[in-house]
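# Chain and residue survey
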Amino acid sequence: MSINFIHYIKKSAYGAFFNSKIWYDNLIMKEYVVQLLGWTETQAEELGGEHKKWAILLVGPIGSGKGTQAELLAEKFGLFNFETSKIIEEKIKNADASDEIMMREKNNWETGKLNTPELVKQWVLEKIEELHKQGSGIVFSGSPRTLEEAEAELPVLEDLFGKEDVKIVHIQLTENESIKRNSHRRICKANRHPIPNFPQFQNITTCPRDGSELVTRSLDNPDVIKVRYQEYVNRTEPILAFLKERGYNIIEINGEQSIQKVFEDTLNNLDG
Ligand SMILES: [Zn+2]
């Protein structure tokens, strides 16, 4: 299907003739991989269709492209792309006004303060169980972030999905490369889709997925990235030793390659 045709459908027919949201999202994803990742349309067409009931955990520092890889894996294997921030948002938005604890959490969330870790942990586990009940596989790119979270989540994942279907992918990236990639990278305003700081993306002015404005976050300056990278080394990386001890074979991926190559390496290792 040509990209012009996709544009034509988006402009003229969405809602009128095609009311399948899944089909529409699928089209957008294909357009995204063609425009943003430079894939051929054939490569884009091949994305999707498979359904795996896996729980894939992507572990890697800021700038390793976990978010993008999670989206591609979700599309490829029909997985739910698990974003903790969205789970929190969903909980807050559906909170009962008479629930005092939830109103306190809502206030934290609205004023930019962190939500209570104990509660977030509980919400995450509830959502995992809900997804499993629906028959969905899951890809995680921002959870677990700490050893404590891993200790809570892994037994639940193993119990629900079976240990052999819990897959761990470690995307490696040095601090220097992380800083290089993240300085002044842009995200879209509507859905925080990341636009990596790669030369081929420099001419993009609006989000290829939803057309919203692209912004640079104050978080993405070199000093903040250094702190976030160290936070990752100190607090998130220890998860890998914990998982090894638990008997996992960790899939090691060189994150200093193109998005395409990282994705291919991951696919080649997932089945094995
Ligand atoms: Zn977007």
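Worth saying up front: this structure is predicted, and the values here are computed from it rather than measured.

### Topic: the overall build of the protein chain
For the protein chain, the helix and strand inventory stands at 12 helices and eight strands. Within the span of the protein chain, comprising 272 residues, buried residues form 26% of the whole. For the protein chain, restricting intrachain contacts to residue pairs at least 6 apart in sequence, the fraction spanning at least 24 positions comes to 69%.

### Looking at the pairing of strand β3 (residues 137-140)
Alternating positions in β3 separate into two faces, Gly 137 and Val 139 on one and Ile 138 and Phe 140 on the other, with burial throughout. Pairing between strand β1 (residues 55-59) and β3: three bridges, direction parallel. If you follow Ala 55 over to β3, its bridge partner there is Ile 138. Note that strand β2 (residues 79-82) and β3 share four bridges and pair parallel. Note on β3: the bridge partner recorded for Phe 82 is Phe 140.

### Some details on the environment of Leu 125
The topology assignment puts Leu 125 in helix α7 (residues 117-133). C-alpha of Leu 125 to C-alpha of Leu 157: the two residues are 32 residues apart in sequence and 9.0 Å apart in space. Residues within four places of Leu 125 in sequence aside, it is in contact with Ala 152 and Val 156.

### Notes on the confidence of the model for the protein chain
Looking at the protein chain, the pLDDT average stands at 85 and 89% of residues meet or exceed 70. Note on residues 1-21: pLDDT under 50 across the span, and 12 contacts to partners over four residues away in sequence or across chains.

### Let's talk about the sheet that holds strand β8 (residues 251-254)
Judged by pairing direction, the sheet is parallel, and its five strands sit side by side in the order β2-β3-β1-β4-β8 without closing on themselves. Of all strands in the sheet, those bounded by a partner on one side alone are β2 and β8. Taken over all neighbouring pairs, the strand axes of this sheet differ in orientation by 20 degrees on average, direction set aside. With four bridges joining them, strand β4 (residues 166-172) and β8 adopt parallel strand pairing. Looking at β8, one finds that His 170 is bridged to Glu 252. Strands β1, β2, β3 and β4 of the sheet are contacted by helix α4 (residues 66-77), whose axis makes an angle of about 160 degrees with β2.

### Topic: the environment of Asn 254
With respect to the helices and strands, the residue Asn 254 is situated in strand β8. In this structure Asn 254 comes out as exposed when scored by C-beta crowding, with 11 C-beta atoms within 10 Å. Taking the C-alpha atoms as reference, Asn 254 lies 7.0 Å from Leu 173; in sequence the two are 81 residues apart.

The rules behind each value
- Residues numbered from 1 in each chain as written.
- Predicted model: local features only at pLDDT ≥ 70, side-chain atom pairs only at ≥ 80, totals over all residues.
- Helix = DSSP H or I, 4+ residues; strand = E, 2+ residues; numbered from the N terminus.
- Buried ≥ 20, exposed ≤ 12 C-beta atoms within 10 Å, placed from the backbone.
- Contact = placed C-beta atoms within 7 Å.
- Pairing = 2+ DSSP bridges.
- pLDDT = per-residue confidence, 0-100.
- Axes fitted to C-alpha atoms, helices over the stretch in contact; angles between N-to-C directions.

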